[in-house]
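Notes for the structure review
Spelled out, the chains give:
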Amino acid sequence: MRKPYICGNWKLNKTIAEAVDFVNTLKGEIAGINDVEVGIGAPFTCLSALSDACKGTNIASGAEDCYWEESGAFTGEVAPSMIKDAGCSFVIIGHSERRQFFGETNETVNKKVKAALAAGLQAIVCVGEMLEERKAGKANDVVKDHIVGGLEGLSAEQMKNVVIAYEPVWAIGTGETATPAQAQEIHAFARSVLKDMFGEVVAEATRIQYGGSVKPDNVKELMACADVDGALVGGAALKPDSFAALVKFKA
Ligand code: PEP
């Protein structure tokens, strides 16, 4: 049984004070919910304070990116062990905005995933096609390429700490959501790719989140899909009330 996982991705938003306020409001709204995993991915500057605010709650804190080296002359980069040191338990890797604007490739995603796992962090690995790729009938090919390239060389044991986020780029921040049928089709395909790579046990155990304009009014139908195990959420994760509504999707 895969535990549903609702995770926010704040992107380039929130000061330290805003992050702490958010958690202080959210924790009351979702107290006692233990059958859903909850995480918040936040800017590096917030992480330590966010992690402190999350202590003793059912909310995990995480980063939105990391580097693959542990230390050295890499100005501006942040190592997975530093993210762990800030109290975080996970890191989002390979978000489409990093692929589009910051030159992220399958190769760098793969290095980052390995480094994150080695540091004891859970890795949320984002995959998904652009609109032109979907229109050209290449959505499956792109998703397969991202999964195979991003997870290459991992063991079944390491996969216990990996979550996939399927995020069709055309649905991110656009208000346009994949229909439940579209999401289910790709999620089932992604699981078949995992099966080919790691076998059935790993494929069945790995959570695959959907991301792309998930909102309180569409979360239930998406979460009802057999292979949708959670959501990675941008816009609707910026306000405690809408994020809480997502976490309470079963209500
Ligand atoms: C995201 O940033 O991963 C995302 C899915 O954003 P939004 O929910 O705003 O579409």
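This structure is a prediction, so every number in the text was calculated from the model and none was measured.

How each quantity is defined
- Residues numbered from 1 in each chain as written.
- Predicted model: local features only at pLDDT ≥ 70, side-chain atom pairs only at ≥ 80, totals over all residues.
- Heavy atoms only, no water.
- Near = heavy atom within 4 Å.
- Polar contact = N/O pair within 3.5 Å; in protein donor to acceptor, adjacent residues only side chain to side chain.
- Nonpolar A, V, L, I, M, F, W, Y, C, P; charged D, E, K, R; others polar.
- Phe/Tyr/Trp six-rings, centres within 6.5 Å; stacked < 30°, edge-to-face > 60°.
- Helix = DSSP H or I, 4+ residues; strand = E, 2+ residues; numbered from the N terminus.
- Buried < 20%, exposed > 50% of the residue type's maximum accessible area, 1.4 Å probe, protein only.
- Lys NZ or Arg CZ within 6 Å of the ring centre and 35° of its normal.
- Pairing = 2+ DSSP bridges.
- Axes fitted to C-alpha atoms, helices over the stretch in contact; angles between N-to-C directions.
- Salt bridge = Lys/Arg side-chain N within 4 Å of Asp/Glu carboxyl O.
- Disulfide = S-S within 2.5 Å.

This part covers the site of the ligand. Residues in close proximity to the ligand total 14 residues, the closest being Lys11, Glu167, Gly173, Ser213 and Gly234. With respect to the ligand, the side chain of His95 contributes an N or O atom lying 2.9 Å from an oxygen atom. Contacts to the ligand include Gly235, whose backbone N or O atom sits 2.8 Å from an oxygen atom. Looking at the shell around the ligand residue by residue, the classes come out as four nonpolar, eight polar and two charged.

Right, let's get into the packing of aromatic side chains. Taken as a whole and judged by the stated rule, the model has six aromatic pairs. With centroids separated by 4.9 Å and ring planes inclined at 80 degrees, the aromatic side chains of Trp10 and Phe22 adopt a geometry described as edge-to-face. Of this pair, Trp10 sits in the loop between β1 (5–9) and α1 (16–29) while Phe22 sits in helix α1, and the two are twelve residues apart along the sequence. Just as Trp10 is buried, Phe22 falls in that class too. Pairing Tyr67 with Phe74 gives two aromatic rings, centres 5.1 Å apart and planes at 45 degrees, and the pair type is tilted. Residue Phe74 is classed as partly exposed on the basis of its relative accessible area, which comes to 33%. Here the aromatic residues Trp10, Phe22 and Phe243 are joined through ring pairs into a cluster of three or more. Sitting over the ring of Trp10, Lys14 keeps its end group 5.3 Å from the ring centre. If you follow Arg98 out to its NZ or CZ, it ends over the ring of Phe102, 4.2 Å from the centre.

Moving on to the environment of Ala17. As for its position among the elements, Ala17 is in helix α1. A residue is classified by how much of its surface remains accessible, and Ala17, at 52% relative accessible area, is exposed. Separated by 29 residues in sequence, Ala17 and Cys46 place their C-alpha atoms 8.4 Å apart.

Here we have eight strands rolled up into a closed barrel, ordered β1-β2-β3-β4-β5-β6-β7-β8, and parallel in their pairing. Strand-to-strand twist in this sheet, taken as the mean axis angle between neighbours without regard to direction, amounts to 25 degrees. As paired elements, strand β3 (residues 59–63) and strand β4 (residues 90–93) share two bridges and run parallel to each other. Bridge pairing in β4 links Gly62 to Phe90.

If you walk through the whole model with that rule in mind, you get 15 salt bridges. Here Asp229 and Arg2 are joined by a salt bridge, their closest N and O atoms 2.9 Å apart. Of this pair, Asp229 sits in the loop between α11 (219–223) and β8 (230–233) while Arg2 sits in the segment before β1, and the two are 227 residues apart along the sequence. As far as burial versus exposure is concerned, Asp229 and Arg2 are alike and both buried. In this structure, the salt-bridge partner of Arg191 is Asp229, at a minimum N-O distance of 2.8 Å. Here Arg191, found in helix α9 (residues 180–198), pairs with Asp229, found in the loop between α11 and β8; they are 38 residues apart in sequence, far enough to count as distant. The exposure class of Asp229 is buried, given its relative accessible area of 5%.

Inspection of the entire model under this criterion finds zero disulfides. Cys54 takes part in no disulfide bond, and the closest cysteine sulfur, belonging to Cys88, lies 8.6 Å away. Free of any disulfide, Cys66 has its nearest cysteine sulfur in Cys88, 11 Å distant. Given the relative accessible area of 1%, Cys66 is considered buried.

None of this, on its own, says anything about what the molecule does.
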